[in-house]
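Descriptive analysis of the structure
Here is how the chains run, residue by residue.
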Amino acid sequence: MTGFRTLSSGLRALRPAAFGADPAGARMRRIRNSPNFADGVFQNPETARTRPDGSMVEFAKVYFRSEERAHRSPVGTVPVHATTLADLARPAATGLRLTWMGHSSVLAEIDGHRVLFDPVWGERCSPFPFAGPKRLHPVPLPLAALGPVDVVVISHDHYDHLDMPTIKELGGTDTVFAVPLGVGAHLEHWGIAAERIRELDWNESTKVGGITLTATPARHFCGRGLRNTQHTLWASWVAEGEAHRIYHSGDTGYFQGFKDIGAAHGPFDATMIQIGAYSDFWPDIHMTPQEGMRSHLDLQGGKPSGVMLPIHWGTFNLSTHAWSDPGEGTLAAGRAVGARVALPRPGEPFEPTAGTVPSEPWWRGVARAPKGGWPVVEEAVADTPGDIADGSAEGTGEPETVSAG
């Protein structure tokens with residue numbers, strides 16, 4: 001038996017630090033007592049297939065098909081906005097400013113407080129620096145140039161949302177970390193003090209300064225190591241200040257719970273919605289742009305109010321769709337229902353409640369055009385919040401899809 005213990009200890013020593021740590025002790029007891037934990041794992045709010053549908057052979061055929069692979073990356077340099085510390089140091093004129101840093105990373109400045117969602121500054125979303133999906137554009141600015149951050153919010157523990165080098169760098173600041181239940185084990189493993197971690201189950205809230213953060217349900221899954229125990233929760237998040245409220249979806253498939261979240265916490269000045277890395281091979285755990293727009297309307301009580309910011313696209317190649325498809329699909333979906341969609345370049349700050357938001361399809365300049373060329377970009381349905389009459393578009397039908405190849 002001693003030999004087996006020695007082997008086990010040796011294997012643990014070889015485990016990459018980026019794998020994090022499994023929950024144990026009091027944390028694991030809290031997980032077992034969660035109403036969302038049953039049969040030894042966290043459960044989704046609706047049934048979800050977390051493994052790819054179909055055979056891996058079929059997936060490989062699609063993934064490695066040369067004519068499609070060519071469309072999955074930009075053909076030119078992605079136009080990253082040259083954000084500076086001075087830009088972000090100026091207070092938001094409206095009290096709410098969002099800066100999409102690429103993928104799901106967003107700096108939200110809300111009523112004088114700063115919330116950083118899913119910060120990933122690493123070169124790859126992988127446990128290894130030499131393998132795994134690599135960035136398609138650089139980070140808009142160094143992490144240190146962001147200035148002080150009141151709270152870092154993590155949606156779940158996948159590598160493209162929880163990046164060990166980024167967390168370690170932020171660990172050297174005074175920021176607080178708000179994470180779903182179980183994820184705190186990873187952070188403590190990387191040196192974050194327990195007193196700086198707020199670990200929440202679904203529908204639990206915590207207050208950091210003047211911001212109330214609530215972990216809300218999502219339809220996804222978790223896991224970082226070779227052994228996926230499903231002992232860490234995944235979540236979407238509501239952040240509410242004195243005058244504004246926003247929503248970050250994390251990763252999720254579409255589910256009816258968006259309506260409940262909207263009824264309990266909405267409507268929102270802005271929603272940050274995952275619309276990339278979707279596939280017919282995993283339809284339950286990531287949303288298409290059309291499903292993302294549907295979730296935005298659900299969160300807003302069925303009306304196209306507020307602003308939708310599409311996230312989880314443009315930075316890493318994680319699926320089989322064309323690089324430009326999420327942007328094109330969201331553009332078409334928003335116009336179909338009369339919703340305001342913000343389309344900033346990575347690093348471009350904007351204020352959702354201002355008169356205008358970035359709305360140009362900037363990706364077209366560096367993407368392969370689809371057969372037949374790009375669709376014509378018509379005048380926006382609404383340029384300002386007041387231009388949309390309540391009930392003008394209920395979103396009862398499926399928005400049209402614009403294919404980018």
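The shown structure was predicted, so the numbers you read here are calculated from the model rather than taken from an experiment. (Residues numbered from 1 in each chain as written. Predicted model: local features only at pLDDT ≥ 70, side-chain atom pairs only at ≥ 80, totals over all residues. Heavy atoms only, no water.)

**Structural notes on the nonpolar core**
Spelled out, the test is: By convention a nonpolar core is built from buried Ala, Val, Leu, Ile, Met, Phe, Trp, Tyr and Cys residues, the set being connected through side-chain atoms within 4.5 Å. Classification of residues uses two cut-offs on accessible area relative to the type maximum, computed with a 1.4 Å probe and protein chains only: under 20% is buried, over 50% is exposed, and between them is partly exposed. Numbering of helices and strands runs from the N terminus; a helix is a DSSP stretch of H or I covering at least four residues, while a strand is a stretch of E covering at least two. Residue contacts follow a heavy-atom distance rule, with two residues in contact if any of their heavy atoms lie within 4.5 Å.
Membership of the largest hydrophobic core comes to 66 residues, with the highest contact counts inside it found for Leu98, Phe117, Leu213, Trp237, Ile246 and Leu309. Considering every element that reaches this core, the biggest residue donor is strand β14 (residues 307-311), with four residues. Excluding residues that lie within four positions of it along the chain, phenylalanine 117 makes contacts with Ser104, Ser105, Val106, Ala108, Val153, Trp237, Ala239, Ile246, His248 and Met272. Counting residues in hydrophobic clusters, the runner-up holds 29 residues, among them Ala18, Met164, Ile167 and Ile192.

**A word on the pairing of strand β3 (residues 96-102)**
Counted only if it meets this: At least two DSSP bridges between two strands are needed for those strands to be called paired.
Burial within β3 is extensive, with seven of its seven residues counted as buried. Counting the residues in the hairpin turn of β3 and strand β4 (residues 105-110) gives two residues, including histidine 103, whose phi is positive at 55 degrees. Of the pairings in the sheet, the one linking β3 to strand β16 (residues 349-350) comprises two bridges and is antiparallel in character. Residue pairing for β16: threonine 99 is matched across the bridge by proline 349.

**Considering the sheet that holds strand β7 (residues 176-180)**
Strands sit in the order β8-β7-β6-β5-β4-β3-β16 across an open sheet of seven strands; the sheet is mixed. Across the chains shown, the open sheet's two edge strands, defined by having one partner strand only, are β8 (197-200) and β16.

**Examining helix α10 (residues 325-337)**
Rules: Take the residue count of a helix, subtract one, and multiply by 1.5 Å to get its expected span.
For α10, spanning 13 residues, the distance from its first C-alpha to its last is 18 Å, which sits close to the expected 18 Å at 1.5 Å a residue. Across the 13 residues that make up α10, a large majority, eleven, are buried. The inward-facing, buried residues of α10 abut α9 (289-299), β14 and β15 (340-341).

**Regarding unusual backbone geometry**
Residues glycine 266 and proline 267 are joined by a peptide bond in cis, for which omega reads -5 degrees. Relative to the assigned elements, proline 267 resides in the loop between α8 (257-265) and β13 (270-274). For aspartate 39, which is not glycine, the phi torsion reads 55 degrees and is therefore positive. Along the chain, aspartate 39 falls in the loop between β1 (37-38) and β2 (41-42). Residues other than glycine seldom take positive phi values, yet asparagine 203 does so here, at roughly 70 degrees. With respect to the helices, strands and loops of the structure, asparagine 203 is situated in the loop between β8 and β9 (205-208).

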